[in-house]
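# Report on the structure
What follows is the residue order along each chain.
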Amino acid sequence: QKRKKKDHQKQINHLQGIINQQKQQIEMQQQELDIKINELDNLNKSVSRNHLNGTAQISTLRSQLETLDQQLSDTQNENEELINENNRLNNLSKDTNSLIQSLRTQIDSLKNQFSSKDKTTKLKHEEEFLQQSMTLVHGLVQKENMLLRNLIT
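Residues numbered from 1 in each chain as written. Predicted model: local features only at pLDDT ≥ 70, side-chain atom pairs only at ≥ 80, totals over all residues. Heavy atoms only, no water.

## Some details on the overall build of the chain
Across its full length, the chain holds 2 helices and 0 strands. Its C-alpha atoms give the chain a radius of gyration of 51 Å, more than 25% over the compact-globule value 15 Å for 153 residues. In terms of its C-alpha atoms, the chain occupies a principal-axis envelope of roughly 170 × 20 × 15 Å. Put simply, the chain has 153 residues, and 10% of those count as buried. Put simply, of all contacts in the chain between residues at least 6 apart along the chain, 76% involve residues at least 24 apart. Accessible surface computed for the chain: about 13,600 Å², of which carbon and sulfur atoms make up 53%. Taking the 21 positively charged and 20 negatively charged side chains of the chain as two groups, their mean positions are separated by 18 Å. (Helix = DSSP H or I, 4+ residues; strand = E, 2+ residues; numbered from the N terminus. Rg over C-alpha atoms; globule rule 2.2 N^0.38 Å. Buried < 20%, exposed > 50% of the residue type's maximum accessible area, 1.4 Å probe, protein only. Contact = heavy atoms within 4.5 Å. Areas by Shrake-Rupley, 256 points an atom, 1.4 Å probe, with all protein chains shown as cover. Lys, Arg positive; Asp, Glu negative; His and termini not counted. Charge placed at Lys NZ, Arg CZ, Asp CG, Glu CD.)

## Quick word on a negative patch on the surface
A cluster of acidic side chains, namely Asp74, Glu78, Glu80 and Glu81, defines a negative patch on the protein surface. Relative to the helices and strands, aspartate 74 is located in helix H1 (residues 2-113). (Patch = residues over 30% accessible without salt bridge, like charges linked within 9 Å, V, L, I, M, F, W, Y side chains within 5 Å. Salt bridge = Lys/Arg side-chain N within 4 Å of Asp/Glu carboxyl O.)

## Side note on the pattern of salt bridges
Applying the stated criterion to the full structure yields 2 salt bridges. Aspartate 41 is the salt-bridge partner of lysine 45, the closest N and O atoms lying 3.5 Å from each other. Taken together, the residues span about one helical turn, with lysine 45 and aspartate 41 both in helix H1 at a distance of 4 residues.

## Considering the side chain of threonine 96
With respect to the helices and strands, the residue threonine 96 is situated in helix H1. Residue threonine 96 is classed as buried on the basis of its relative accessible area of 11%. Of the polar contacts made by the side chain of threonine 96, one reaches the backbone oxygen of leucine 92; its length is 2.8 Å. Sequence-distant contacts of threonine 96, defined by excluding residues within four places in its chain, comprise Val137, Val141 and Glu144. (Polar contact = N/O pair within 3.5 Å; in protein donor to acceptor, adjacent residues only side chain to side chain.)

## Some points on the nonpolar core
If you look at the biggest cluster of nonpolar residues, it comprises 8 residues: Ile100, Leu103, Ile107, Leu110, Leu130, Met134, Val137 and Val141. Listing elements by their share of this core, those giving two or more residues are H1 and helix H2 (121-152). Every residue in contact with isoleucine 107, bar those within four places of it in the chain, is listed here: Leu130, Gln131 and Met134. (Core = buried A, V, L, I, M, F, W, Y, C linked by side-chain atoms within 4.5 Å.)

Written out as structure tokens, the structure is:
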């Protein structure tokens with residue numbers, strides 16, 4: 001009976017050793033799990049911070065995009081206005097050139113109608129007047145060209 005008791009105690013001691021060893025393994029595994037949980041928690045916090053930062057950056061970029069869209073729209077409107085002004089000046093230039101051509105034709109007609117011997121004083125004055133008109137129109141054309149160059153630059 002003593003022997004049975006001894007064997008029984010040995011088995012109990014052996015089982016307690018196994019239980020203690022398993023407890024130690026469970027505790028180590030629990031510590032490892034705690035470490036992993038902590039790492040995951042830190043990673044989750046980092047992801048949350050990155051998400052918030054990303055959301056803020058997206059909001060900033062959207063605002064910048066809206067500003068750029070408005071600037072583009074303003075620039076397009078300015079370009080349209082400049083094109084319209086340029087067209088107006090081109091039409092004015094065409095009208096001025098037509099006027100110059102008409103004046104030249106009138107001068108040539110007067111020159112052809114009367115030879116230098118037959119010109120009267122009145123015709124000379126008319127020719128001078130037409131020449132002065134041509135000079136005036138030429139000055140207008142130069143001013144117009146200067147305005148065009150300023151507009152373009």
